[in-house]
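# Architecture at a glance
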Amino acid sequence: MTDTQHPITMRTHSAIAQIPPQQWNALTDQAGHPLTHHAFLHALETTQCASTRSGWQPMHLSWWQGDTLVAALPLYLKTHSYGEYVFDWAWARAYTEAGGRYYPKLVSALPFTPCPGSRLLLRDGALRGQCVAETIAFAQKLQVSSLHILLSDKSEALAWQAGGALLRTGVQFHWENPGVATFDDYLATMSHDKRKRIKQERRKVREAGVTFRVLTGDEISADDWAHFYNCYATTYAQHQSSPYLSLDFFMHYAQKIPAAQLLIIGERNGLPICAALNWRGLDSLYGRYWGALEYVPGLHFDACYYQSLDWCIANRVQRFEGGAQGEHKLSRGFLPVETYSAHWLADPGLERAVDRFLQRERAGVTEAISALESASPFKEIQ
């Protein structure tokens, strides 16, 4: 009997390690996204960053045809809403005040990173409807308050909506490579005032004596990782917060997939003072984490944006996603992009209230994107 003659069955997993990496990655390779890679999710779990202790209890779903993995969904049972970047705190508070129990909830997301992309990984798109229906049935069986599919691609979000979830939109700012040869050529595509501002910011950093090293893969030493983490944790502490991720996580992931790492280190007088970490996909760069040990005017913009854009241009990388939110990115060439999430809510009353909110929010997002596009920094909107 061949695999195509086997029925497709769903399984649940309390750890990503229970799913063979080769089979999982055969699905993620189609998406071309480094953060849906088995090694990324495994690093989060093995270092306890995504764990029951941290409020991210793994509960991944997989679909099999015989011995072949045909679909998968990274899924977590959450006891809070930290580290998600699609905020539902107000929903939780309102439901709790009305006598409901919002937590635990189910969340499909890339923990602690706001990267849009596929959440439901499929060998064949025809399986999507079945997987959506069975995931919602799984949420009903667990009797959780809700199921949230965060920052998925549009077609997937619409499939969840067709299956009974509510659609939510948001805005991020992404840079698209205009096909120029140098950073100066890129600046030439911008209006005079925006070009002048960026040059001034970069000049202030140079005049402060800051230089940068851009390191990839195995070029990044243990000392470099230690410096990055010191910067990362220090910046969190300055905002009276604690980092979600550990040094063990970053080093574990880097050891598994060195090619995905791009680290930018800023130095002054021979001493490192800041660091910005990006992760590399097939045709995209994902700006993730940064920190600094001292303040230098313009340092954040140069380390997190301009150095990365310079690298993307030199290496012909098509897209740079600089993280969540941030209208300040617009004047630096990051244009607004609509994001999509889907939310299934078990309680009909909560669902109606959230639906009314989301209708108003979607209208506001549409208006905001239109206004932002009209404020493009380029001579002509690309």
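Scroll up a little and you will see the structure.
Read on for a plain summary of the structure. (Residues numbered from 1 in each chain as written. Predicted model: local features only at pLDDT ≥ 70, side-chain atom pairs only at ≥ 80, totals over all residues. Heavy atoms only, no water.)

Before going further, it helps to examine the pairing of strand E14 (residues 319-324). Where strand E9 (residues 166-176) and E14 come together, four bridges link them in antiparallel fashion. Note on E14: the bridge partner recorded for tryptophan 175 is phenylalanine 320. Bridge analysis of strand E13 (residues 284-292) against E14 gives three bridges, and the strand direction is parallel. By the bridge assignment for E14, tyrosine 286 is matched with glutamate 321. Crossover E13 to E14 through helix H10 (residues 299-314) is right-handed. (Pairing = 2+ DSSP bridges. Helix = DSSP H or I, 4+ residues; strand = E, 2+ residues; numbered from the N terminus. Right-handed = clockwise from strand over helix to strand, strands pointing away.)

Below, the discussion takes up the environment of histidine 13. As for its placement among the helices and strands, histidine 13 is situated in strand E1 (residues 8-13). On the basis of relative accessibility, which here comes to 7%, the residue histidine 13 falls in the buried class. Those residues within four positions of histidine 13 in sequence are excluded, and the remaining contacts are Gln18, Ile19, Pro58, Met59, His60, Leu61, Ser62 and Trp64. Within the structure, the side chain of histidine 13 is placed 2.6 Å from the side chain of serine 62, a separation counted as a polar contact. (Buried < 20%, exposed > 50% of the residue type's maximum accessible area, 1.4 Å probe, protein only. Contact = heavy atoms within 4.5 Å. Polar contact = N/O pair within 3.5 Å; in protein donor to acceptor, adjacent residues only side chain to side chain.)

Another point: the environment of methionine 59. By the secondary structure assignment, methionine 59 is in the loop between strand E2 (56-58) and strand E3 (60-65). Note on methionine 59: relative accessible area 14%, which makes it buried. Along the chain, methionine 59 and aspartate 223 lie 164 residues apart, while their C-alpha atoms are 35 Å from each other. Setting aside its immediate chain neighbours within four residues, methionine 59 contacts His13, Leu75, Tyr76, Leu77, Leu106, Phe138 and Leu142.

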